[in-house]
Amino acid sequence: MNLISIADLSAEEISLVLDRADELKARRNDPKSRSILAGKSLATIFEKPSTRTRVSLEVAMTDLGGHALYLSSKDLQLGRGETIVDTARVLSRFVHGIAARVYHHSTVEELGRYAAVPVINSLSDVEHPCQILADLMTMRERFSRLEGLKVAWVGDGNNVCNSTILAAALMGMEMVVASPPGYGPNRKILDQADRLGGGTVVVTDPVKAVRGADVVETDTWVSMGDEAETAKRTAAFGRYQVNAGLLRHAKSDAIVLHCLPAHRGQEITDEVMDGPQSLILDQSENRLHSVKAVLEKLMV
Ligand code: CP
Ligand code: NVA
């Protein structure tokens, strides 16, 4: 199976992946983990930069006894025009799994269609499923449940937001998104969430979104690939900052999440990011444990 969208997993599968991630986190140094993917290789294709995704995939493969190859798309023949189809078919003869961070979601979908081995979306312009598994793991660690939590997304209706919307629908969470007009989440994703029983609320007022929230989440105003719109976006998002004033409208025990990298002083203040309600570093660490559970599910 592939993990291209978070909705490729059912609610039950997500819960099992999170259970396993908790176990792997608790037993990080267990030498038995080294046999889980012994002798297996994962090709990791990157069209865009990465810190957390690259490091979590590489360390996860090492910890599970396997091996990861970092393949920048610039250095692959893909960068000289070799097709996705041929790349998918050829890599499938060498490795046991492919992870890809791409500009266009259709690229990772095409890889998934033609590869004979599992394909993992390591971020596209539409979704970031591996991130959302770490986010859910972090929420569960704090609240011991997902169902019924209110998640407020403040800012750009981007790839991370889209996957959060789908995950919320699957896991029975209430999801409210506050974005400036024109920067709301993808219509198709909202419709898909509705079909999954989600019913995402989209508003323009960040206070309305955050009111009574258990989880307040944000991300950059300028995602990779949107750089040409930096000035326009910075102007549009000015009042969508997660700061102490906004956070006061959430529940008093609300947590703050950010997938990182953060632009401190823009979408989030230092005070909130480094404050007592921030679980951002746990969230980042959980990328490692949750992706191990994904690799095990897909590659064993
Ligand atoms: N959150 C995340 O995916 O970070 P990177 O871009 O550093 O991989
Ligand atoms: N929305 C951000 C996430 C980075 C991990 C981007 O796509 O650049």
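Predicted model, so just to flag it, every value in this text is computed and none were measured.

The rules we used
- Residues numbered from 1 in each chain as written.
- Chains lettered and ligands numbered in written order.
- Predicted model: local features only at pLDDT ≥ 70, side-chain atom pairs only at ≥ 80, totals over all residues.
- Heavy atoms only, no water.
- Helix = DSSP H or I, 4+ residues; strand = E, 2+ residues; numbered from the N terminus.
- Rg over C-alpha atoms; globule rule 2.2 N^0.38 Å.
- Buried < 20%, exposed > 50% of the residue type's maximum accessible area, 1.4 Å probe, protein only.
- Near = heavy atom within 4 Å.
- Polar contact = N/O pair within 3.5 Å; in protein donor to acceptor, adjacent residues only side chain to side chain.
- Areas by Shrake-Rupley, 256 points an atom, 1.4 Å probe, with all protein chains shown as cover.
- Nonpolar A, V, L, I, M, F, W, Y, C, P; charged D, E, K, R; others polar.
- Contact = heavy atoms within 4.5 Å.
- Expected span 1.5 Å × (residues − 1).
- Pairing = 2+ DSSP bridges.
- Axes fitted to C-alpha atoms, helices over the stretch in contact; angles between N-to-C directions.
- Parallel < 35°, antiparallel > 145°, perpendicular 65-115°, else oblique.

The helix and strand tally for the chain stands at twelve helices and nine strands. Over its C-alpha trace the chain gives a radius of gyration of 19 Å, about what one expects of a compact globule, namely 19 Å for 300 residues. Dimensions along the principal axes, computed over C-alpha positions, put the chain at roughly 55 × 45 × 35 Å. Sorting the 300 residues of the chain into buried and exposed places 57% on the buried side.

Right, let's get into the site of ligand 1. The environment of ligand 1 is made up of Ser 50, Thr 51, Arg 52, Thr 53, Arg 101, His 128, Gln 131, Cys 259, Leu 260 and Arg 287. Thr 51 has a polar backbone atom sitting 2.6 Å from an oxygen atom of ligand 1.

Neighbouring ligand 2 are the residues Leu 123, Asn 158, Asn 159, Asp 219, Thr 220, Ser 223, Met 224 and Leu 260. Considering ligand 2 on its own, with 270 Å² of exposed area, one finds that the protein chains cover 95% of that surface. Class assignment for the residues of the shell around ligand 2 results in three nonpolar, four polar and one charged.

This brings us to the side chain of Thr 220. Among the structural elements, Thr 220 can be located in the loop between strand 8 (215-218) and helix 9 (230-236). At 3.0 Å, the side chain of Thr 220 forms a polar contact with the backbone nitrogen of Val 222. Only 3.3 Å separates the side chain of Thr 220 from the side chain of His 263, close enough to count as a polar contact. Excluding anything up to four places from it in sequence, Thr 220 contacts Asp 156, Asn 158, His 258, His 263 and Glu 267.

The next subject is helix 1 (residues 11-26). Taking 1.5 Å per residue, 16 residues should reach 22 Å; helix 1 reaches 23 Å between its end C-alpha atoms and fits that length. Contacts from the buried residues of helix 1 go to helix 5 (129-143), helix 6 (159-171) and helix 12 (280-299).

To continue, consider the sheet that holds strand 1 (residues 41-46). Two strands in a sheet stick together by hydrogen bonds in their backbones, pointing the same way (parallel) or opposite ways (antiparallel). As summarised here, the arrangement of the four strands in space is 2-1-3-4, forming an open sheet in which the pairing is parallel. Of all the strands in the sheet, the pair left with one neighbour each is strand 2 (67-72) and strand 4 (119-121). On average, each strand axis in the sheet is tilted by 20° relative to the strand beside it, whichever way the strands run. Bridging between strand 3 (residues 97-101) and strand 4 involves three bridges; their strand directions are parallel. Looking across to strand 4, one finds that Ala 99 is bridged to Ile 120. Along the sheet, helix 2 (residues 52-63) contacts strand 1, strand 2 and strand 3; its crossing angle with strand 1, the most-contacted strand, is approximately 175°.

This next bit is on the pairing of strand 8. Burial along strand 8 is two-sided: the residues Val 215 and Glu 217 and Val 216 and Thr 218 are all buried. As paired strands, strand 8 and strand 9 (residues 255-258) are joined by four bridges and run parallel to one another. Bridging across to strand 9, Glu 217 finds its partner in Leu 257.

Viewed as axis vectors pointing N to C, helix 6 and helix 7 (residues 187-195) meet at an angle of 10°, and their least axial separation amounts to 8 Å. Considering their axes alone, helix 6 and helix 7 lie roughly parallel with respect to each other. Within the contact between the two elements, helix 6 uses Asn 162, Ile 165, Leu 166 and Ala 169 and helix 7 uses Ile 189, Leu 190, Gln 192 and Ala 193. Taken together, the residues of the contact of helix 6 with helix 7 sort by class into six nonpolar, two polar and no charged.

As far as function goes, none of this settles anything; it's purely spatial.
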